[in-house]
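# Structural characterization, general
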Amino acid sequence: MTLLKKRGCAGCQPAGEPLAGEGKASPDPLFFPKRHASYAGILIAFIAVTFVAGEHIDFSFLDAAKDFPGGFVWFVEQFMPNAKAFDQMGKIASALAMTILDAIAAGTLAAVIAFILAVIASRVSGVGGPIQMVIRAFATVLRNIPTVAWGFILLFSFKQAEFTGFLALFFKSLGFLTRAFIETIDEADAGSIEALKATGASKLQIIVHGVFPLSLTQVVSWVLYMIETNFRDATLVGMLTGTGIGFVFNWYYRTFKYPTAGLVIICIAVAVIVVEAVSNYVRRRIGAPDGHSGEMRASHGKIKVRVRTASGTVLAVLVAFLAIATTYTMVNMGYGSADTIQAASDLVEYFKLMFLSPYLSNYTWADMFEGLAVTLCIAVLATAGGALIALVLSLLAASNLSNKLVSNIIKTVMAIIRSVPTIIWVLVFTVAIGLGSEAAVIGMMFHTVSFLTKAFSEAFEEVDQGSLEALKATGATWWQQIARGVFPDKLNEILSWIFIRFENNFVGAVTVGAIAGSGGIGYYLYIVANYMFNWHEMGLIIYLCLAVSVTLEIIATQLRKRFIVHR
């Protein structure tokens, strides 16, 4: 990952002063004090917000630290698969295969539609006018409606069926990929696009010969990432819609058959790790240099106009596999007993009720704001605790800062923890520790630690090795190298990752409130949708979640623009 640091702008120097590179520029004497003051202010605010959040929901990190070891030991003992659990392996494998195929189909179909929408909405290739804003707003709404809300909405329309879960993943994927593709196309090489325009190329020619080739590698990477994400989300969706591996886990979990539920967790973890490994391999291959230069000639001496490359072969195989898997899934999918046309009509009516006439009837505004406060507090505490633990572990996991064996062990453990969906960790700690906010925070924190350890350690591994060697040459200790060579260079990036994770944890807190009964706005959403069947109130709750999610997304986007470029 590349770090961006905005240190000023070109053309800001007064006339007569040397330009950068013409002489040795003296550092601004106020720069470092200002930067340290900013960091100190952020740290103080971070501690204060964490303290207030803990007081508000009566959460104590000390109590959590005392409860965690016993709870984790209980989890290992109770969820350890036994011989009887393996009798259900056929059922588990079938549900797992269904879930993987649904994740692939939802991501692939969403990618096709999202790319078309992105081309129309992009500033580089778009048609211009208000349609660009409409598509961008449409993508923002789809992406920021919580997955749990999608599950509730679609379940009423399409009933309990595999197709219902597929649609929940599809709509979420469509919103995310449309936004990702728009940004990818907008960041395509402007020089190449302008060159095509200068030749008089039409819009279609610009898209085919410019936009598509320039953005293809990044688009494929986003599709693979979305399939990975869909597989994790499919566990939650399956719990809501009664299909796939999520339903299988929930069934054994709710009936106290913990050894079999533990086997399901292991199968999910293995599948996620395999999917992620294959995805990473494909991304590396399609992004790798082709390994040849100059003109390529056939045996008869003629120049080959089209040269088959390793990356091109991998890409062709990937596209063929996605097309076959998607076709097979859609043909063999369980569509349930609901009439699809009528269900789609009902869905439109439900959306009208939710978004055109939202109002409260069973709860008050005080209840809503208190619910949002509880959800935000859970997200803050899970992020703060997870970031602190991850910061320590990431220093030991970074290969350039730690022993290779220790680094590999930590990375492996974090990969295993990260492969289990957050909702499963929360549900596990709910029975291990008890119902309430503590189990929710610990479960979310567990996943946050694994996520941030990976992000931080990869950032630390990008530190200039020459700087670290120079510090070693001066006799600096390991901690001095960290304090003077690592943190000053990567602190901006660390803060950005923490806020990005906080954005994700807010959505996660809404989910666990609905599924695990930890309270907050998600719990109100669950009650309104499942017991009161009040679409107007449900719409208002979704609007509140959207408002917070969009606000956090805007802040996170600004942080990414300032500090982080694409991984």
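Data block above holds the structure.
Heads up: these notes are all about the structure in this document. It should be emphasised that the depicted structure is a prediction, and the values quoted were computed from it without experimental measurement.

Moving on: the overall build of the protein. The helix and strand inventory of the protein stands at 20 helices and zero strands. A total of 567 residues make up the protein; the buried ones form 48% of that total. In the protein, of all internal contacts separated by at least 6 residues, the share reaching a separation of at least 24 is 82%. Just so you have it, the protein exposes about 27400 Å², and 66% of that area is on carbon and sulfur atoms.

As a further point, take the nonpolar core. As a rule of thumb, soluble globular proteins bury nonpolar side chains together. Ranked by internal contacts, the top residues of the largest apolar core, which has 142 residues, are Phe 181, Phe 249, Ile 424, Met 538 and Ile 542. Grouped together as the second largest cluster of nonpolar side chains are 18 residues, Ala 398, Phe 460, Ile 482 and Ala 556 included.

So, about the pattern of salt bridges. Counted by the stated rule, this structure contains 10 salt bridges. Of the charged contacts in the structure, one is a salt bridge between Glu 228 and Arg 283, with a shortest N-O distance of 3.0 Å. Here the residue Glu 228 occupies a position in helix 8 (residues 203-241), and Arg 283 occupies one in helix 10 (residues 258-287), the gap between them amounting to 55 residues. Note on Glu 228: relative accessible area 7%, which makes it buried. In this structure, Arg 418 engages Glu 276 in a salt bridge whose closest nitrogen and oxygen atoms are separated by 3.6 Å. Of this pair, Arg 418 sits in helix 14 (residues 404-419) while Glu 276 sits in helix 10, and the two are 142 residues apart along the sequence. Like Glu 276, Arg 418 is buried. Each of the salt bridges in this network shares a partner with another, and the network as a whole consists of Arg 232, Glu 276 and Arg 418.

The next subject is the packing of helix 5 (residues 147-158) against helix 19 (residues 521-532). It is at 11 Å that the axes of helix 5 and helix 19 come closest, and there the two elements cross at 5 degrees. Classified by the angle between their axes, helix 5 and helix 19 sit roughly parallel to one another. Judged by residue contacts, Val 148, Ala 149, Phe 152 and Phe 156 of helix 5 engage Leu 525, Tyr 526, Ala 529 and Asn 530 from helix 19. Tallied by class, residues from the contact of helix 5 with helix 19 come to seven nonpolar, one polar and no charged.

Orientation of helix 4 (residues 130-144) relative to helix 6 (residues 162-186), taken along the N-to-C sense of each, is 135 degrees, at an axis distance of 7 Å. For the element pair helix 4 / helix 6, the angle class is oblique. When you trace helix 4 past helix 6, the crossing you get is left-handed. Of the residues in helix 6, those touching helix 4 at Ile 135, Arg 136, Phe 138, Ala 139, Thr 140, Leu 142, Arg 143 and Asn 144 are Phe 171, Lys 172, Leu 174, Gly 175, Phe 176, Thr 178, Arg 179, Ile 182 and Asp 186.

Turning to the packing of aromatic side chains, a few remarks are in order. Within this structure, the stated rule accounts for 42 aromatic pairs. Ring centres of Phe 170 and Phe 171 lie 5.5 Å apart, and the angle between their planes is 65 degrees; this geometry places the pair in the edge-to-face category. Overall, the relative accessible area of 12% leaves Phe 170 in the buried class. A centroid spacing of 5.6 Å and a plane angle of 20 degrees characterise the contact between Phe 249 and Tyr 253, whose relative ring orientation is stacked. Residue Phe 249 and its partner Tyr 253 are both found in helix 9 (residues 244-254); the two are separated by four residues, about one turn of the helix. Relative accessible area serves as the criterion here: at 0%, Phe 249 is assigned to the buried category. By way of ring pairs, the aromatic residues Phe 68, Phe 72, Trp 74, Phe 75, Phe 79, Phe 249, Tyr 253, Phe 256, Tyr 258, Trp 425, Phe 429 and Phe 446 are connected into one cluster.

Here is what the cut-offs are and how they apply
- Residues numbered from 1 in each chain as written.
- Predicted model: local features only at pLDDT ≥ 70, side-chain atom pairs only at ≥ 80, totals over all residues.
- Heavy atoms only, no water.
- Helix = DSSP H or I, 4+ residues; strand = E, 2+ residues; numbered from the N terminus.
- Buried < 20%, exposed > 50% of the residue type's maximum accessible area, 1.4 Å probe, protein only.
- Contact = heavy atoms within 4.5 Å.
- Areas by Shrake-Rupley, 256 points an atom, 1.4 Å probe, with all protein chains shown as cover.
- Core = buried A, V, L, I, M, F, W, Y, C linked by side-chain atoms within 4.5 Å.
- Salt bridge = Lys/Arg side-chain N within 4 Å of Asp/Glu carboxyl O.
- Axes fitted to C-alpha atoms, helices over the stretch in contact; angles between N-to-C directions.
- Parallel < 35°, antiparallel > 145°, perpendicular 65-115°, else oblique.
- Nonpolar A, V, L, I, M, F, W, Y, C, P; charged D, E, K, R; others polar.
- Left-handed = near helix turned anticlockwise from the far one by under 90°.
- Phe/Tyr/Trp six-rings, centres within 6.5 Å; stacked < 30°, edge-to-face > 60°.

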